[in-house]
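# Structural description and commentary
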Amino acid sequence: NEYRASEGFSGLFMTNRDLPENDLKYGNFAVTTMAKNITYKTHWMHKDWWDGIHDMWDDFTEDGKLDDTPVSFDQNNRLAKIGSISATETLEHGESKDFLFLLTWYFPNRINGWSQTCSSPDCNCSITQNYYANNFKSAWDVAEYVMKDYDRLYNKTLEFHDALFSSSLPPFVIDAVASNMDILRSTTCFRLSNGKFFAYEGCFDNAGCCEGNCTHVWNYEQTLAFLYPSLERDMRLTEFNVETDETGKMEFRTKKLFGGSNNFHPAADGQLGSIIRLYRDWKLSGDHDLLATVWDNAKRALDFAFSYWDSDGDYVLDSQQHNTYDIEFYGPNSLTNSMFYGALKAGAEMAKAMGDRQSESTYRNAFLQGSQRMDQLLWDDDYYIQVIDDVNQYKYQYGKGCLSDQLLGQTLSHVAGLGHILPKEHVKKAVYSIYKYNFLNDFSKHHNVQRTYVLNDEKGLVLCSWPKGGRPKFPFVYSDEVWTGIEYQVAAHLIYEGCIDEGLLLVKAVRDRHDGFKRNPWDEVECGHHYARAMASWAVLIALSGFKCDLTKGIIEFNPVINKQHFKCFFSCDKAWGIFEQKTNPQTNRNEYNIDILYGSLEGVTIKANGEIVGKY
């Protein structure tokens, strides 16, 4: 440990000189401050037990200062490597001052793969670097950057915070949206020095949980797409141009970029959802190069569905369909088919933009015929079911159950701006039935032999119920559990269909469970901590604001469905972020609008609200 001073700040720099810079464990740490009156101990003394902290505390309490008396210590004793820094100010009566301490770290190296565990002390694993190693060379370098630009960084962060939290949306909605942003900065996600973005499904205490940018889990999240769209687009490049083979089969866990391979079933929901997300990202960015770069492989991935999952050519998927429940569904079901029709509608629009008239015609025809036929096959008066001759023929099906994810493809289609892909009246009734049958106000009598995320008098949405009977002997895995990511996607869908109170009730139920007393408010656990599916919460903001973005045409739209007399909400796209506000003038009874762009530019963009043009840039 050593004391250092730079222009405007000083502090302790802690490193290990014995490790070469390419060692996996190489790194350093710094604690720094802008305060002027500094004392410090670079090392605590250490002999036995708590001698070091006793010595430091006695030194500090004697006069409020630290004395850096040289001490001898055993290099191998971790307690001897602790250092302390103190800042002193004299305050007059009633006076206050801020003490700013900055903690910075620099551990640039990581194993070039999903596993971050070495098999032996002399590990020969391939080493790569985190993205930040491109910009910084040490923890002290990071501190210099932050201290030099502190006002700009702090003020811009505060501006973003205020833009998000000044919204007129219910506080629990903003809580759900903001709290799950932290997943992107948790160990669930990482970015390498080559700029590639990767993510696990979640993270365990010492390892990532379920590697591979898993397509069927990352289907649900919307946060990355709207806040860091360039990183989201990188995932599409990986899915289509790396993990999709010449037949159109997409590996739903990316391994090839790390020299690995995978030969498992393709995930029907993940593969088809990637096509809907490609459409969303294309519209959010207006990036035609993205579409042109992946189009051939995206088309192969969509065409793959016709031959692999549709056994009889009627545009209703019915073959073995691997999905996000880590099992296979058999026979027609609306989960994978709603994804299929969303992908077909998106595919037709993208084919049109690419001048691919044949594919456009094929996809439109398949969409129209397939969605109509599926509706006829699976509509069971108030929700969509799975059609299978014997629900117990294959393990882990749901048959006549009311599946909370039965219209996931419709939710994603709404967020992407594709509109309805199934009859509007059936869709609205089905999503309300999900709320009616699957949302429980009390779990005291709910039987669940699987993982327990809700209990006692808490509220939540179970993954499936059987209100009309017919529960299989062994229903699909996880069916009795409650996942926040699915609760958020159903909540957003309810809002899109006009069931606003019901959608908000679902969101509030989640945040009541993660209130900081019962559970961590920044960690919605599923399989692992900081689970990616929870970032479906951003879709609730999109649904409530009625936000639509089509930068391929230079149009952004708002159509708020709550607090219409005075609505205020954060918005973001690839070009900019800011605040949209509408107020009803009491004298004229007409809406007045304000768009405050806080970052970026909307040059060339037309803003619409409630169907009328309110601004051109």
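Not measured: the values here are computed from a predicted model.

### Brief notes about the sheet that holds strand β2 (residues 9-15)
Read across the open sheet, the four strands follow the order β1-β2-β3-β6; overall the sheet is antiparallel. Edge positions in the sheet fall to β1 (2-6) and β6 (101-106), since each has one partner strand and no second. Shown here is a sheet whose adjacent strand axes are inclined to one another by a mean of 25°, direction ignored. Pairing geometry for β1 and β2, over five bridges, is antiparallel. From the neighbouring strand, Tyr3 faces β2, where its bridge partner is Leu12.

### Looking at the packing of helix α4 (residues 171-179) against helix α15 (residues 500-513)
Taken N-terminus to C-terminus, the directions of α4 and α15 make an angle of 60°; their axes are 9 Å apart at the nearest point. Taken together, the axes of α4 and α15 lie oblique to each other. In terms of crossing hand, the pair formed by α4 and α15 is left-handed. From α4, Phe172, Val173, Asp175, Ala176 and Ser179 reach across to α15, where they touch Leu504, Val507, Lys508 and Arg511. Its residues placed into classes, the contact of α4 with α15 shows five nonpolar, one polar and three charged.

### With respect to the pairing of strand β21 (residues 566-572)
Most of β21 is tucked away: five of the seven residues are buried. In this antiparallel pair of consecutive strands, β21 and strand β22 (residues 576-584), the connection spans three residues.

### Focus: the sheet that holds β21
Read from one edge to the other, the open sheet built from three strands follows the order β21-β22-β23, with strand pairing classed as antiparallel. Either end of the sheet is taken by a strand with one partner, and the two such strands are β21 and β23 (591-600). Here the strands of the sheet are splayed against their neighbours by 15° on average, with no regard to which way each runs. The pairing of β22 with β23 spans nine bridges and is classified as antiparallel.

### Digging into the side chain of Asn585
In this fold, Asn585 is placed in the loop between β22 and β23. When residues no more than four places from it in sequence are discounted, the contact partners of Asn585 are Arg590 and Glu592.

### Let's talk about the environment of Glu239
Mapped onto the fold, Glu239 is located in helix α7 (residues 229-241). On the basis of relative accessible area, Glu239 is assigned to the buried category, the value being 4%. Not counting residues up to four positions away in its chain, the partners in contact with Glu239 are Thr215, Thr244, Met250, Ser274 and Arg277. Here the side chain of Glu239 touches Arg236 through a polar contact of 2.8 Å, side chain to side chain.

### Side note on a negative patch on the surface
Judged by side-chain charge, Asp58, Glu62, Asp63 and Asp67 come together as a negatively charged surface patch. Checked against the element boundaries, Asp58 lands in helix α1 (residues 51-63).

### Considering helix α3 (residues 150-165)
Over its 16 residues, α3 runs 22 Å from end to end, which matches the ideal 22 Å to within 8%, given 1.5 Å per residue. All of the buried residues along α3 are Phe160, Ala163 and Leu164. Mapping the buried residues of α3 onto a view down its axis gives an arc of 100°, with all of them on the same face. On the buried face of α3, the contacting elements are α4, α6 (223-227), α16 (538-545), β21, β22 and β23.

### Points about the packing of aromatic side chains
A ring pair, where both rings are aromatic, is described by two values, the distance of the centres and the angle of the planes. Under the defined criterion, the tally for this structure stands at 49 aromatic pairs. With 5.9 Å between their ring centres and 65° between their planes, Tyr279 and Trp282 make a pair best called edge-to-face. Of this pair, Tyr279 and Trp282 both sit in helix α8 (residues 268-285), three residues apart, roughly one helical turn. Both residues of the pair, Tyr279 and Trp282, belong to the buried class. Pairing Phe558 with Phe571 gives two aromatic rings, centres 5.5 Å apart and planes at 80°, and the pair type is edge-to-face. Linking Phe558 in strand β20 (residues 555-558) with Phe571 in strand β21, this pair joins segments that are 13 residues apart in sequence. For Phe571, a relative accessible area of 2% translates into the label buried. The structure contains a cluster of three or more aromatic residues connected by ring pairs, namely Phe226, Phe547, Phe558, Phe567, Phe571, Phe580 and Tyr593.

Reading guide: rules and limits
- Residues numbered from 1 in each chain as written.
- Predicted model: local features only at pLDDT ≥ 70, side-chain atom pairs only at ≥ 80, totals over all residues.
- Heavy atoms only, no water.
- Pairing = 2+ DSSP bridges.
- Helix = DSSP H or I, 4+ residues; strand = E, 2+ residues; numbered from the N terminus.
- Axes fitted to C-alpha atoms, helices over the stretch in contact; angles between N-to-C directions.
- Parallel < 35°, antiparallel > 145°, perpendicular 65-115°, else oblique.
- Left-handed = near helix turned anticlockwise from the far one by under 90°.
- Contact = heavy atoms within 4.5 Å.
- Nonpolar A, V, L, I, M, F, W, Y, C, P; charged D, E, K, R; others polar.
- Buried < 20%, exposed > 50% of the residue type's maximum accessible area, 1.4 Å probe, protein only.
- Polar contact = N/O pair within 3.5 Å; in protein donor to acceptor, adjacent residues only side chain to side chain.
- Patch = residues over 30% accessible without salt bridge, like charges linked within 9 Å, V, L, I, M, F, W, Y side chains within 5 Å.
- Areas by Shrake-Rupley, 256 points an atom, 1.4 Å probe, with all protein chains shown as cover.
- Salt bridge = Lys/Arg side-chain N within 4 Å of Asp/Glu carboxyl O.
- Lys, Arg positive; Asp, Glu negative; His and termini not counted.
- Charge placed at Lys NZ, Arg CZ, Asp CG, Glu CD.
- Expected span 1.5 Å × (residues − 1).
- Arc of directions from axis to C-beta.
- Phe/Tyr/Trp six-rings, centres within 6.5 Å; stacked < 30°, edge-to-face > 60°.

So yeah, pure geometry; function would need other evidence.
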